[in-house]
Amino acid sequence: MLFKLLLTGIILLSPFSTIALEIKSEWVQGGVIFGKTDPQNKIKFLGHPVRINAKGDFVVGLGRDAKPEVIMVETTPDGGIKSYSFKVRQRKYREQRINGVPKRTVNIPEKALPKIRQEMELTKAARRINSDNQSFLQTFQWPAHGIISGVYGSRRYYNGEPRRPHYGLDIAAPQGTPVKAPASGTITLVHDNMYFSGGTIIMDHGHGISSTFIHLHKVLVNKGDKVKQGQLIAEIGSTGRSTGPHLDWRMNWFNQRLDPQFLVDDMPSVK
Ligand SMILES: [Zn+2]
């Protein structure tokens, strides 16, 4: 019942003051949850301090396997503490079997481990960035048009062997197809050839929200570039562990992996 009320945007009043917490999105696994509170308040979620802008806007995210109930703790300037509990809709994920994946990327040779570890650190560092960029509030656009060939959360089997779930949204399109920034932001990582992800870009949209684009044929931006929504940033490719040209778009709230499909409308028809 509480869940229903929150969905319709009803404002909850904290018993400690007149300060309100408003939640504007559905609590669902992989979800991106927008909210509003008094900018003087402090919020903690999943052990993370939540950045709140001058108007009180904030965003948090839920990972693929988020628990059925989550807690948000709000501290008011007078020292009052209120914890809110939210029910999280649990999803059923698809199963995807992929054959013909090159052996070298399924069975990892020991000598590749230092490179893989170093790349994981670079990726983690980029996703840890907590900037006051406000681009996360924009209406996101599709970074490329094509056929959805893989969805968020699916369980994957490579050549019959179970692997980590898929966290991206795959858009299949020919090599060289333009990749455009889905929202504005700052480029925080570029790499020409990561072991698994090949040509890779990470972009910060602010407040812990980032986009990752992988398997790129060409990277057309540099680290530190400030990019506008719709700006050309890369070309689709099939680099790294990939079986054909596609864009794999991932989104994060810090280390929580989000479903990009919650931020965009249906794919417009391909020209
Ligand atoms: Zn993918």
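Residues numbered from 1 in each chain as written. Predicted model: local features only at pLDDT ≥ 70, side-chain atom pairs only at ≥ 80, totals over all residues. Heavy atoms only, no water.

**Student:** Could you give me a rundown of the pairing of strand β4 (residues 42-45), with the residues and numbers involved?
**Tutor:** Covered by surrounding structure in β4 are Ile-43 and Phe-45 only, the residues Lys-42 and Lys-44 on the alternate face being uncovered. In terms of strand pairing, β4 meets strand β7 (residues 69-75) through four bridges, oriented antiparallel. Bridge pairing in β7 links Ile-43 to Glu-74. Relative to strand β5 (residues 48-50), β4 is paired through three bridges, and the arrangement is antiparallel. Bridging across to β5, Phe-45 finds its partner in His-48. Linking β4 back to β5 in an antiparallel pair, the connection comprises two residues, with Leu-46 at a positive phi of about 50°. (Buried < 20%, exposed > 50% of the residue type's maximum accessible area, 1.4 Å probe, protein only. Helix = DSSP H or I, 4+ residues; strand = E, 2+ residues; numbered from the N terminus. Pairing = 2+ DSSP bridges.)

**Student:** Provide a residue-level description of the layout of surface pockets, including the pertinent values.
**Tutor:** Taken as a whole, the largest pocket holds about 1200 Å³ of empty space. Around the largest pocket, the lining comprises 41 residues; the ones closest to its centre are Arg-164, Phe-196, Ile-214, Arg-250 and Arg-257. Elements that contribute at least two residues to the lining of the largest pocket include exactly β9 (95-98), α3 (113-127), β11 (155-158), β13 (169-172), β17 (209-216) and β21 (246-253). Element by element, the count of residues in the lining of the largest pocket is highest for α3, at six residues. The residue makeup of the lining of the largest pocket, split by class, is 14 nonpolar, 15 polar and 12 charged. (1 Å grid on protein atoms, 1.4 Å probe; cavity = no way out; pocket = protein on both sides within 12 Å on 5 of 7 lines; lining within 4 Å. Points joined across faces, edges and corners; volume = space filled by probe spheres on them. Nonpolar A, V, L, I, M, F, W, Y, C, P; charged D, E, K, R; others polar.)

**Student:** Which residues make up the coordination of the zinc ion, and what are the values?
**Tutor:** Note on the zinc ion: its protein donors are His-166 (NE2), Asp-170 (OD), Asp-170 (OD) and Asp-248 (OD). The metal-donor distances range over 2.0 to 2.8 Å. For the zinc ion, the four donor atoms in the first shell make angles of 51 to 148° at the metal, a pattern classed as irregular. (Donors = N, O, S within 2.8 Å, 3.2 Å for Na, K, Ca; no water. Tetrahedral: all angles 85-135°; square planar, octahedral: opposite > 155°, others 65-115°.)

**Student:** Residue-level account of the side chain of His-205, with values.
**Tutor:** Here His-205 lies in strand β16 (residues 198-206). The residues contacting His-205, other than those within four sequence positions of it, are Asn-133, Gln-134, Ser-135, Phe-136, Phe-140, Pro-182, Ala-183, Ser-184, Gly-185, Ser-210, Ser-211 and Met-251. (Contact = heavy atoms within 4.5 Å.)

**Student:** How would you explain the packing of aromatic side chains if you had to name every residue and give the values?
**Tutor:** Centre distance and the angle of the planes are the two values used to describe a pair of aromatic rings. Summed over the entire model, instances satisfying the criterion amount to nine aromatic pairs. Between Trp-27 and Phe-45, the aromatic rings sit 5.6 Å apart at their centres with planes inclined by 50°, giving tilted as the arrangement. Placement of the pair is Trp-27 in the loop between β2 (20-23) and β3 (32-36) and Phe-45 in strand β4, with a sequence separation of 18 residues. Residue Trp-27 is classed as buried on the basis of its relative accessible area of 1%. Between the aromatic rings of Tyr-84 and Phe-86, the centroid separation amounts to 6.3 Å while the plane-to-plane angle is 15°, which identifies the pairing as stacked. A relative accessible area of 5% means that Tyr-84 is categorised as buried. Note that Arg-257 overlies the ring of Tyr-167, its terminal NZ or CZ placed 4.3 Å from the centroid. (Phe/Tyr/Trp six-rings, centres within 6.5 Å; stacked < 30°, edge-to-face > 60°. Lys NZ or Arg CZ within 6 Å of the ring centre and 35° of its normal.)

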